[in-house]
Amino acid sequence: MFEGMKSSSLLDRDPRLVDIMCSLDNAGKMPTGVASEIREAVALARRFNEAVARPYALELDRKMSEDPTYIPWDLVKEINRWGFYTAWIPKIFGGKGWNLGSITPVVEELCSVCAGIGNLIGVQYFGLSILFAGWNMRITDKVCREVVEGERSGEPCLVAGLVTEPGAGTDAEEVELLSKAKVRCHARRVEGGYVVNGTKVFISNGHVSTWHMLIAYEDLERPEETMILFAVKNGTKGFSFGRMEKKMGQKGCPASEMIFQDCFIPDEDVCISASQMKGLKRGAKGTGMQLIDFVVSLTRPGVGAMGAGVARGAYETALRFARETLVDGKPLVNHEWAQCLLAEMYANAALARLTYMECNHVNGLYGMASLLNMKPMYYYMRAVPTAVLDRFMPAVNAADATTRIFRKLVMDGQTEEEARRASGWASLSKFAATDLGIKNCQLAVEFMGRAGIRHDGWAEKFLRDSKLLQIYEGTNQLNRLNLFKCMIAPWVPEAQVFEE
Amino acid sequence: MKADVSEELRMLDGMARDFAARELVEEREEHDRYPFAPLYDDVLAKSLEVGFFSIMLPEDAGGSAEPVTALCLVLDELCRADASLGGAVFTQALAQEILRLAGAEELLAREAEGDGDLAQALIAFPSYDNPSEAGNCARASRGEKGYELSGEVEYVVLGGLAAHALLPARVEGMEGFAFFLVDTGHEGFTASEPVLSLGMHACPAVDLTLSGVPARLVGEERKGGQYFEAAVDRLSVAAAAVATGIMKGSFTDALEYCRQRKQGGRHIIEWSEVRMLLSSMAVSCKVADMLVECAARAVDRGEPGWELASRAAALQAQSLAPEVTSNGIQLLGGYGYMKDYGQEKRFRDAKQAQPLLGITPLRRLKYIRSIIDGEAAW
Ligand SMILES: Cc1cc2nc3c(=O)[nH]c(=O)nc-3n(C[C@H](O)[C@H](O)[C@H](O)COP(=O)(O)OP(=O)(O)OC[C@H]3O[C@@H](n4cnc5c(N)ncnc54)[C@H](O)[C@@H]3O)c2cc1C
C-alpha cells in the first residue's frame, strides 16, 4: 500500500507518466475490434492507390501545372464512389462510422503515393471536425446526411473549413493571438440571423465543396470573445468563390478564396455563437479555444500522418532507385552508405508514424469522440445497422435538448488537463512528423540526382507536396509554441506564452 | 564576395545586377511557366549579347577570358533574381571549359563565329551527370567518314535550343568515355519534349536519342573522364555561386516580408522565433558567400589545394540552399507556397541546382577518395 502510494506520487512528478505515455493508459481500454478495422481501412486505401492514385497522380500534377484553373471533378467523383467522404462520419449521423483511429493510417497510406489526393480526401474531415466541434447536433445531422446522400446519388457533397483570412493566419489558430489580430470577417446581428462580410483565403477543397464551415466574429475589436461558427451552403446569396491559388505542390487539391458580401445567414445555420458559448463552463473565449482545440487535436495528427506518408513515399522511391541503379558495376542498394541512408529514411517514416499513433491513443482517451471508443458504445455502434439508427436519430439529433446534453457532456465534461494533452500531442505530431517528412523528401531527391529532379521520377513531387505540411494547420512555429503552452508551461509558473 | 575584386569585375557585377533587375524579376513567374508558356528567347538573346555566355571563353575564341571569380559574380547576381538563366550560363561555361581543357580551341572558335545567333552560340550539355558514374553515355563508332554516335543520353541541358551538343560516349572496344561534339540539326538526332522538372524551368533539358549522328571527337578518346574531372575542379565553385545567389534572393525577400507582415498585433519580425529563422538564413548566406569568394580566388590564383576548395564550396553551398530556401517559404506562411511570390521557385531551384555536376553523395565520396588516394592535399 505504502509502496503503491510512493510510486504513484513518483509517476505524478513532472514529467507525469500520463502526459508522456498516454498509450499505456489507452492500450488496455481500446476495443480489440479497432485493430481489424484499421487493417481493413488500410487495405482499402492500398486498393485505391493502385487503382486510382498511382496511375493518375503525375498526370494530374502536370495538368494543374499547365492549367492552374482546372478543377478535378472527375477525381472527386471517383473518391466519392470509393466511399471515403462518409467513411468516418458516425453512424448516428448516417455515416459508415469507421473508428477514428483508422483515419490517420489511411491518410499515411494515401500520402505515400500522392499527398495532393490524400488532402483531397483528408480535408473533408477538417471541415467535418469543425462541424462536429460546435456540438450542434441538429446541423451536424443535416449536413452529414447531405454528404451521405451525395455519396448515394453520385453528386459529391464535400465540407470545407474556413478559418484563415488574408490578414490572420497564425492569429486565427490561437485565441491569445486572436485578441490582437486584424480579422475582417464580420457577422452583424440582424432580424432572424446574421449578415456576414469578409474574405477567407487558402481554403482547401473550397471550389469543390458544398458546405462551408465558416468562422466569423461579431465584434472585430474583440474577436476572441465573439467567435461564431456558421454552416454556409453553396448558392447562398452574397457568398461566392474567388481565385484558385497557384500552388507549388499538392496541386490536385484546390486552395480557394471565399468571398462574403452582405451574405445573410439565417439563425438555423448558426452552429454555435458567442452567446451560446457564454452559457458553457469556459465562457466565450475559453470555449472558442476549446472549439479550435477539438478540431486541431484531430486534424493535426492527420497532417502528421501526411508527414509519415510522404516520408514513406520518398523512402520507397529512393529504395526503388537504389535497386535499379548501378554504381561502379554494383547496384546502389549494395553500397554500404546507401544502406545506411535508406535505414535513416525508414526510421524517419517510422518515427513520424509513432507520433500520430500516440495521438490516436490520446484522442481515444480525451478527444471529442472519445465516447465512441468506450467498449460498450463501440460494440453497440458496430453491431447496430445504420438503417435502424436512421429511423430515430434524425429526430433525436434535431431536438435542442440533445445539443444541450452533448455540450454539457463533451464540452463541459472535458477537463483542462485532457484538452491540453490532446492539443499538445497533436502539435507534437504535426511539427515533428512533417519535419521528418520533408527531410526524407530532401534526402530522396539528393540521393537520386538527375532522376530525383525529373517529374517522372516522383521524388521531386513528394518534395513539393511535402513543404505545405509545415505551413497549414498552424505553421510548425505556432505548433511548437502550442506544445510549449500545453505540455511545458503548466509546470513553469513564470512562463508566459505569446507575450514576449 | 566582392571585398577584393578589381574595378573591372565590379562593373561586370553591376551590369549583371542591372540586367537581372531589368530582365528577370518582373516576368519571373511567367518565364517559369515554361514548357507551358513560351521560352524567354529574348532574354537569352540579350544575355548572349552582353556576353554572359562567354565570360571565361578565351579571347581568341571570342570570349572575355575572365577568371572564374567573374563567372561567380555574374551567377550570384542572376540567381538572386532567377536561377534559370544561371543554370544556362553555368551549363554553357562547363561545356566550354571541357572543350578548352581538351585543347579543342578550333571548335570553340567556330562556335563563337555564330555572332549573335543564339542557337549557334549555345552548346547543349548533360550538366547534371558525371558520365563515368551515371553511365549516361551514347555509343561511338568509327566509320569511314569519322565518328558516329548512337544511343540515348538523358537530361541534356539546353538540348532543345542549341545547335551543338557536347556529349559523352563510349568508344567501342575502349575503357571509359570520350566527349564528342554533334550538330543537333542532323536527321539522326531526336530530342524529347522538354523534361518537366523540379526547378529552373526556363533552363530546359531534353532526353536525346541518336542514330548514326556524325560527331567530332573532342580531345583524345580515352580522356573524357580526365577532362570532366578537371572541369569540375574549376567550375564547382560556380555551381556554389548558383546556390548562393538563390539563397540570397530568398533571404532578401523573407526579410522584407517580415518587416511588412503583422501577426499577433506586431510585425512578425518582432517575434524572436522569426528572428531565429532569419538569422539562420543570414548566417548560411554569409558562409556560402565567403566560401565562394575564397574558393574562386584559390582557383584563379592556382593556390595549393584549389581543386578541393572549389569542390567543397559546391558541396557545402548546395546543401545549405535547400534549407535556407525552405525557411524562405516558411517565413511567408501560406503566401510563400504560392507562385505569386518568388520563394517557392527558389525552394525548387535550390534543390534543382544541388545535383549539378553529379549525384551529391557520389561527389562526397569522390572528394574523400582523392584525399585518401593522395591525389590532393587537404
Ligand atoms: C495550400 C494551403 C491550404 C490551406 N488550407 C486551409 C483551409 O482549408 N482552411 C483554413 O482555414 N486555412 C487553410 N490554410 C491556411 C493555413 O492554415 C495558414 O496559411 C497558416 O495558418 C499560416 O498563416 P499565414 O499563411 O497567414 O502565415 P502567417 O501567420 O502570416 O505567418 C508568417 C510567418 O510568421 C510566423 N509567425 C506568425 N506569428 C508568429 C508568432 N506569434 N510567433 C512566431 N512566429 C510567428 C509564422 O510561423 C510564419 O513563419 C491553408 C494554407 C495553404 C497554403
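Keep in mind it's a predicted model, so treat the numbers as computed, not measured.

## Things to note about the overall build of chain A
Within chain A, the regular secondary structure consists of 19 helices and 10 strands. For 500 residues, the compact-globule estimate of 2.2 N^0.38 gives 23 Å, and chain A sits close to it at 23 Å. With the C-alpha coordinates aligned to their principal axes, the bounding extent of chain A is approximately 80 × 70 × 55 Å. Per-residue burial over chain A gives 61% buried out of 500 residues.

## Some remarks on the overall build of chain B
The helix and strand inventory of chain B stands at 14 helices and nine strands. Relative to its length of 378 residues, chain B is compact, with a C-alpha radius of gyration of 21 Å against a globular reference of 21 Å. When burial is assessed residue by residue, chain B has 62% of its 378 residues classed as buried. Restricting the contact set of chain B to residue pairs at least 6 apart, pairs at least 24 apart contribute 74%. Surface exposure of chain B reaches about 14,200 Å², of which carbon and sulfur atoms provide 49%. Within chain B, one finds 37 positive and 58 negative side-chain charges whose respective centroids are separated by 7 Å.

## Considerations on the pattern of salt bridges
By the definition in use, this model includes 64 salt bridges over all chains. A salt bridge links Asp61 of chain A to Arg464 of chain A; the nearest nitrogen and oxygen atoms lie 2.7 Å apart. Taken as a pair, Asp61 of chain A in helix H4 (residues 33–66) and Arg464 of chain A in helix H18 (residues 459–467) lie far apart in primary sequence, 403 residues in all. The residues Asp61 of chain A and Arg464 of chain A share a single accessibility class, namely buried. A salt bridge links Lys339 of chain B to Glu344 of chain B; its shortest N-O distance comes to 3.4 Å.

## Describing the site of the ligand
As a structural note, the neighbourhood of the ligand is formed by 29 residues, with Thr164, Thr170 and Phe202 of chain A together with Arg261 and Gly334 of chain B the closest of them. A distance of 2.6 Å is found between a nitrogen atom of the ligand and a side-chain nitrogen or oxygen belonging to Thr164 of chain A. A distance of 2.7 Å separates an oxygen atom of the ligand from a polar atom in the side chain of Thr475 of chain A. Its free accessible area being 970 Å², the ligand has 98% of it covered by the protein chains. When contributions to the shell around the ligand are tallied by element, the ones reaching two or more residues are strand S1 (159–162), strand S3 (193–204) and helix H19 (476–488) of chain A together with helix H12 (333–336) of chain B. If one sorts the elements of the shell around the ligand by residue count, S3 of chain A sits on top with three residues. Residues belonging to the shell around the ligand are distributed by class as follows: 14 nonpolar, 11 polar and four charged.

## Things to note about unusual backbone geometry
Residue Pro15 of chain A is bonded to the preceding Asp14 of chain A through a cis peptide linkage, with omega at 0 degrees. Tracing the chain through its elements places Pro15 of chain A in the loop between helix H1 (2–11) and helix H2 (17–20). Across the junction of Tyr34 of chain B and Pro35 of chain B, the peptide omega takes the value 10 degrees, indicating a cis bond. With respect to the helices and strands, Pro35 of chain B occurs in the loop between helix H2 (28–31) and helix H3 (41–50).

## Considering the side chain of Lys200 of chain A
Residues and elements named next belong to chain A. Summarising the element assignment, Lys200 is placed in strand S3. A polar side-chain atom of Lys200 sits 2.8 Å from the main-chain carbonyl oxygen of Val163. Here Glu165 takes part through its side chain, which lies 3.2 Å from a polar atom of the side chain of Lys200.

## Re the domain arrangement of chain A
Residue and element names in this part refer to chain A. Looking at the assigned domains, one finds that chain A contains domain 1 (17–158 + 284–491) and domain 2 (159–280). For domain 1 and domain 2, the distance between their C-alpha centres works out to 23 Å. Contact with domain 1, which involves 58 residues of that partner, is made by 44 residues of domain 2. In total, about 4,300 Å² of surface goes out of reach between domain 1 and domain 2, with carbon and sulfur atoms giving 65% of it. Together, Leu158, Ala284 and Lys285 form the three largest contributors to the area buried by domain 1 at its contact with domain 2, with a combined 16%. Applying the counting criterion to the domain 1 and domain 2 interface returns six salt bridges. For the pair domain 1 and domain 2, the interface holds 20 residue pairs in polar contact (both at pLDDT 80 or more). Elements that contribute at least two residues to the side of domain 1 that touches domain 2 include exactly H4, helix H5 (73–82), helix H7 (115–133), helix H8 (137–153), helix H11 (283–324), helix H15 (400–412), H18 and H19. For the side of domain 1 that touches domain 2, the element with the highest residue contribution is H7, accounting for 11 residues. Of the residues belonging to the side of domain 1 that touches domain 2, the class tally is 32 nonpolar, 13 polar and 13 charged.

## Re the confidence of the model for chain B
With 98% of its residues at a pLDDT of 70 or more, chain B has an overall mean of 95. Complex prediction metrics read pTM 0.97 and ipTM 0.97.

## Observations concerning the packing of H11 of chain A against helix H16 (residues 416–448) of chain A
All names here are of chain A. Interaxial distance between H11 and H16 falls to 7 Å at its minimum, and their mutual angle equals 20 degrees. Between H11 and H16, the crossing angle belongs to the class labelled roughly parallel. Regarding H11 and H16, the two cross each other, and that crossing is left-handed. For the contact of H11 with H16, a count of residues per class yields 19 nonpolar, 10 polar and three charged.

## Concerning the interface of chain A and chain B
Taken residue by residue, the interface counts 51 residues in chain A and 49 residues in chain B. Of all residues in chain A, the largest losses of buried area upon contact with chain B belong to Arg450, Ile453 and Glu500 of chain A, amounting jointly to 18% of the total for that side. Linking chain A with chain B are seven salt bridges. Across the salt bridge formed by Glu29 of chain B and Lys246 of chain A, the nearest N and O atoms sit 2.8 Å from each other. Linking chain A with chain B are 30 residue pairs in polar contact (both at pLDDT 80 or more). Contributions of two or more residues to the side of chain A that touches chain B are made by H4, S3, strand S9 (326–327), H16, helix H17 (450–453), H18 and H19 of chain A. For the side of chain A that touches chain B, the element with the highest residue contribution is H16 of chain A, accounting for six residues.

## Here we look at the packing of helix H12 (residues 336–366) of chain A against H16 of chain A
Residue and element names in this part refer to chain A. Taken N-terminus to C-terminus, the directions of H12 and H16 make an angle of 160 degrees; their axes are 9 Å apart at the nearest point. On the basis of their axis angle, the class for H12 and H16 is roughly antiparallel. Judged by the twist between their axes, the crossing of H12 over H16 is left-handed. Its residues assigned to classes, the contact of H12 with H16 shows 21 nonpolar, five polar and five charged.

## What about a nonpolar patch on the surface?
All names here are of chain A. Taken together, the side chains of Ile20, Met21 and Leu24 make up a nonpolar region of the molecular surface, amounting to roughly 270 Å² of accessible area. You can see Ile20 is positioned in helix H2. By relative accessible area, Ile20 is classed as partly exposed at 42%.

## Some details on the domain arrangement of chain B
Residue and element names in this part refer to chain B. Here chain B is partitioned into domain 1 (7–119), domain 2 (123–221) and domain 3 (225–372). A separation of 29 Å is found between the C-alpha centroids of domain 2 and domain 3. Domain 2 puts 18 residues into the contact, and the matching count from domain 3 is 15 residues. Broken down residue by residue, the surface that domain 2 buries against domain 3 is led by Tyr128, Leu198 and Met200, which jointly contribute 40%. For the pair domain 2 and domain 3, the interface holds zero salt bridges.

## Some points on helix H9 (residues 224–260) of chain B
For an α-helix, 3.6 residues make a turn, and residues three or four places apart therefore share a direction. Residue and element names in this part refer to chain B. Helix length check: H9 (37 residues) gives 53 Å between terminal C-alpha atoms against 54 Å at 1.5 Å per residue, within 8%. Of all the bends in H9, the greatest, near 45 degrees, is centred on Arg234. Burial of H9 is extensive: 27 of the 37 residues sit out of reach of the surface.

## What about the environment of Gly302 of chain A?
Residue and element names in this part refer to chain A. Mapping Gly302 onto the fold places it in helix H11. Classification of Gly302 by relative accessible area gives buried; the value is 17%. Spatially, the C-alpha atoms of Gly302 and Glu336 are 35 Å apart, while their sequence positions differ by 34 residues. Gly302 has contacts with Thr104 and Val107, leaving out every residue within four places of it along the chain.

Reading guide: rules and limits
- Residues numbered from 1 in each chain as written.
- Chains lettered and ligands numbered in written order.
- Predicted model: local features only at pLDDT ≥ 70, side-chain atom pairs only at ≥ 80, totals over all residues.
- Heavy atoms only, no water.
- Helix = DSSP H or I, 4+ residues; strand = E, 2+ residues; numbered from the N terminus.
- Rg over C-alpha atoms; globule rule 2.2 N^0.38 Å.
- Buried < 20%, exposed > 50% of the residue type's maximum accessible area, 1.4 Å probe, protein only.
- Contact = heavy atoms within 4.5 Å.
- Areas by Shrake-Rupley, 256 points an atom, 1.4 Å probe, with all protein chains shown as cover.
- Lys, Arg positive; Asp, Glu negative; His and termini not counted.
- Charge placed at Lys NZ, Arg CZ, Asp CG, Glu CD.
- Salt bridge = Lys/Arg side-chain N within 4 Å of Asp/Glu carboxyl O.
- Near = heavy atom within 4 Å.
- Polar contact = N/O pair within 3.5 Å; in protein donor to acceptor, adjacent residues only side chain to side chain.
- Nonpolar A, V, L, I, M, F, W, Y, C, P; charged D, E, K, R; others polar.
- Domains from an automatic or database assignment.
- Buried area = accessible area lost by both parts, 1.4 Å probe.
- pLDDT = per-residue confidence, 0-100.
- Axes fitted to C-alpha atoms, helices over the stretch in contact; angles between N-to-C directions.
- Parallel < 35°, antiparallel > 145°, perpendicular 65-115°, else oblique.
- Left-handed = near helix turned anticlockwise from the far one by under 90°.
- Patch = residues over 30% accessible without salt bridge, like charges linked within 9 Å, V, L, I, M, F, W, Y side chains within 5 Å.
- Expected span 1.5 Å × (residues − 1).
- Bend = angle between axes of the 7 residues up to and from the residue.

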